[in-house]
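Residues per chain, in single letters:
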Amino acid sequence: MALNSMNTSQLTALQVMQDAPVIPVIVLNDVAHAVPMARALVAGGIRMLEVTLRTPQALACMEAIAKEVPDAVVGAGTVRSAADAKAAANAGAKFAVSPGYTSAVGQACRDQGLSLLPGVATGSEIMMAQEDGYTELKFFPAMQAGGPAMLKAWGGPFFDVRFCPTGGVTPQNAHEFLSLSNVACVGGSWLVPADALAKGDWARIEQLAREACQLKLIS
Ligand code: 3PG
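Since we're looking at a predicted model, the values are computed, not measured.

Thresholds, definitions, all that
- Residues numbered from 1 in each chain as written.
- Predicted model: local features only at pLDDT ≥ 70, side-chain atom pairs only at ≥ 80, totals over all residues.
- Heavy atoms only, no water.
- Pairing = 2+ DSSP bridges.
- Helix = DSSP H or I, 4+ residues; strand = E, 2+ residues; numbered from the N terminus.
- Contact = heavy atoms within 4.5 Å.
- Axes fitted to C-alpha atoms, helices over the stretch in contact; angles between N-to-C directions.
- Phe/Tyr/Trp six-rings, centres within 6.5 Å; stacked < 30°, edge-to-face > 60°.
- Buried < 20%, exposed > 50% of the residue type's maximum accessible area, 1.4 Å probe, protein only.
- Lys NZ or Arg CZ within 6 Å of the ring centre and 35° of its normal.
- 1 Å grid on protein atoms, 1.4 Å probe; cavity = no way out; pocket = protein on both sides within 12 Å on 5 of 7 lines; lining within 4 Å.
- Points joined across faces, edges and corners; volume = space filled by probe spheres on them.
- Nonpolar A, V, L, I, M, F, W, Y, C, P; charged D, E, K, R; others polar.
- Right-handed = clockwise from strand over helix to strand, strands pointing away.

*Asks:* Would you mind showing me how to read the sheet that holds strand β6 (residues 119-120) here?
*Replies:* Each strand in a sheet pairs with its neighbour through backbone hydrogen bonds, running either in the same direction (parallel) or in the opposite one (antiparallel). With respect to topology, three strands assemble into an open sheet ordered β6-β7-β8, the strand pairing being parallel. At either margin of the open sheet sits one strand with a lone partner, and together these are β6 and β8 (162-165). The strands touched by helix α7 (residues 147-154) are β7 (136-139) and β8; relative to β7, the strand with the most contacts, the crossing angle is about 150 degrees.

Structure below.
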């Protein structure tokens, strides 16, 4: 769907997950990198951008992307508190991703109009997120917590949940996840390598995005 026909103020978690096979997990240390990086990802076909709240520059980077790259949808990663959710929404984020889940974070995201992909690694965490109405979840850290075999096992009892596995997902193993019926997309940091950012190698980031968009085809 074209972004201009998508009402991003009412973006759902499923729309975030289904826009491309991969959500890039982005760590930015320099605000000057944010806009050219976002343009490169968009040029390569990736529009849902998870900028992690792991650096002091993250919020300014989100703001710059939200203002200057209209074809990107900026989201906040590493959302761990209600304050994080509020700051992210103020910076222009349209969605949030959290490494774990608490009801307080869920409530804050709803209050801020942010769709949320809550992070889970156990059956109990899935049940807690489901109790609060979430059926689209991030499986984190995916490889370390059981990989594709874990997702296959969860497909029985949690048949109504769709996952975005993140953590240890690579271009080499992504198809093992993407071929599962309960996986809507994967997350990964490989699309935005630190050395490409440092060198301003936007062509490489665009190429990595282009290749990521092809991943479904080989599953
Ligand atoms: C995350 O922050 O969600 C993950 O740490 C990304 O993991 P990766 O670097 O293994 O892709």
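*Asks:* Would you take a moment to explain the packing of aromatic side chains for this structure?
*Replies:* Each aromatic ring pair is specified by the distance between its two centres and by the angle formed by the two planes. Tallied over the full model, the rule gives three aromatic pairs. Taking 5.5 Å as the distance between ring centres and 65 degrees as the angle between the ring planes, the aromatic pair formed by Y101 and Y134 counts as edge-to-face. Linking Y101 in the loop between β4 (95-97) and α5 (103-112) with Y134 in the loop between α6 (123-131) and β7, this pair joins segments that are 33 residues apart in sequence. Each member of the pair, Y101 as well as Y134, carries the same accessibility label: buried. A centroid spacing of 5.3 Å and a plane angle of 25 degrees characterise the contact between W154 and F163, whose relative ring orientation is stacked. Three or more aromatic residues joined by ring pairs make a cluster, and in this case those are F139, W154 and F163. The side chain of K138 reaches across the aromatic face of F140, ending 4.5 Å from its centre.

*Asks:* Could you clarify how one ought to interpret the layout of surface pockets in this entry?
*Replies:* Rolled over the atoms, a probe sized like a water molecule indicates the empty space that remains. In this structure, the largest pocket spans a volume of roughly 180 Å³. R110, L114, S115, L116 and Y134 are the residues nearest the centre of the largest pocket, which is lined by 14 residues in total. Here the residues of the lining of the largest pocket are counted per class, giving five nonpolar, six polar and three charged.

*Asks:* How should I be thinking about the pairing of strand β2 (residues 48-52) in this particular structure?
*Replies:* Look at any regular strand and the pattern is simple: side chains alternate between the two faces of the sheet. Here β2 lies mainly inside the structure; five of its five residues are buried. The two faces of β2 match: M48, E50 and T52 on one face and L49 and V51 on the other face are all buried. Pairing geometry for strand β1 (residues 22-26) and β2, over two bridges, is parallel. Its bridge partner lying in β2, V25 is registered against E50. The parallel pair β1 and β2, bridged by helix α2 (residues 31-43), forms a crossover whose chirality is right-handed. In the sheet, β2 pairs with strand β3 (residues 73-77) via five bridges, with the strands oriented parallel.

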